[in-house]
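As a plain string of letters, each chain reads:
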Amino acid sequence: MLPLFDMMLQAQNGKAMEAMAKQFGLAQEQAAKAMAALTPAFASGFKRNTANPYDFSALLQAMSSGNYARYFEDMGAAFTPQGIADGNQVLQQIFGSKDVSRAIAAQASQLTGIGQDILKQMMPAMADTLMGGLFKQTTGQFPSADAFAATPMG
């Protein structure tokens, strides 16, 4: 499976970094640092969900709805009120509480020097985009068919 950071880079036909930077008033390097600091927490959250059959089932159900694919294709949709609401649902699913999400943003802020408020706003958009990417990857719609083959699991 493609690493989550690489998946984020491929979102919106490779323009995800630019979209995030523009939306949050960051330089692209700052957006890259923020995403790099946040993706390990997302990876851990998804991994934790796969360990519990109930959580994993709920995650798969949400992902298989296909509703998140649009966020992977157009990150602008992830910045809308509906996109933020959908992203917050994903954050609730994978992290369990707003306190955990806030702690992740606080830690990423310390690592990157980017304000915690900006990181908290980025997280729902990232959640939407990652769910869309996972949906596209599991259904064989991912832009780079060779991406999976290049991974150790491939």
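Use the structure listed above.
Residue numbering note: each chain is counted from 1, following its sequence as written. Predicted model: local features are reported for residues with pLDDT of at least 70 only, side-chain atom pairs are reported and counted for 80 or more only, and whole-chain, interface and lining totals are derived from all residues. Only hydrogens and water are set aside when side-chain values are computed; all heavy atoms of the structure are taken into account.

Further remarks concern the side chain of serine 109. By the criteria applied, helices consist of DSSP H or I runs no shorter than four residues and strands consist of E runs no shorter than two, each listed in order from the N terminus. You can see serine 109 is positioned in helix H8 (residues 98–112). Only protein chains enter the accessibility calculation, which uses a 1.4 Å probe; a residue is then buried when its area is under 20% of its type maximum, exposed when over 50%, and partly exposed in between. The buried category is assigned to serine 109, whose relative accessible area is 16%. Whenever a nitrogen or oxygen atom comes within 3.5 Å of another N or O atom, the pair is scored as a polar contact, on the condition that within protein one atom can donate a hydrogen and the other can accept it, and that pairs from neighbouring residues in sequence are kept only if both atoms are in side chains. Within the local environment of serine 109, its side chain forms a polar contact with the backbone oxygen of isoleucine 114, the two atoms lying 2.7 Å apart. Those residues in contact with serine 109, other than ones at most four positions away along the chain, are Ile114, Gly115, Gln116 and Leu119. Here, two residues are considered to be in contact whenever any of their heavy atoms come within 4.5 Å of each other.

Turning our attention to the packing of helix H3 (residues 28–51) against helix H4 (residues 53–64). Interaxial angle, 0 to 180 degrees, is taken between N-to-C directions of lines fitted to C-alpha atoms, where a helix line uses only the stretch in contact. It is at 5 Å that the axes of H3 and H4 come closest, and there the two elements cross at 120°. Contacts between H3 and H4 pair Phe46, Arg48, Asn49, Thr50 and Ala51 from the former with Pro53, Asp55, Phe56 and Leu59 from the latter.

This next bit is on the pattern of salt bridges. Any carboxyl oxygen of Asp or Glu that lies within 4 Å of a side-chain nitrogen of Lys or Arg is treated as forming a salt bridge with it. Taken as a whole and judged by the stated rule, the model has four salt bridges. Between glutamate 73 and lysine 136 there is a salt bridge, with its nearest N and O atoms 2.9 Å apart. Here glutamate 73 is found in helix H5 (residues 69–73), whereas its partner lysine 136 is found in helix H9 (residues 116–138), with 63 residues between them in sequence. Its salt-bridge partner being aspartate 117, residue lysine 120 comes within 3.7 Å of it at the nearest N-O pair. In this pair, lysine 120 and aspartate 117 are both assigned in helix H9, three residues apart and thus about one turn of the helix distant. Residue aspartate 117 is classed as exposed on the basis of its relative accessible area, which comes to 52%.

Glancing now at the side chain of threonine 39. Within the secondary structure, threonine 39 sits in helix H3. Among the residues examined, threonine 39 registers a relative accessible area of 7% and is labelled buried. Aside from chain neighbours lying at most four places away, what touches threonine 39 is Leu4, Phe5, Met8 and Met126.

This paragraph deals with the environment of leucine 9. Of note, leucine 9 is situated in helix H1 (residues 4–14). Judged by its relative accessible area of 32%, leucine 9 is partly exposed. Residues leucine 9 and methionine 35, spaced 26 residues apart in sequence, show a C-alpha to C-alpha distance of 9.3 Å. Ignoring anything within four residues of it in the chain, the contact list for leucine 9 reads Gly14, Lys15, Met17 and Met35.

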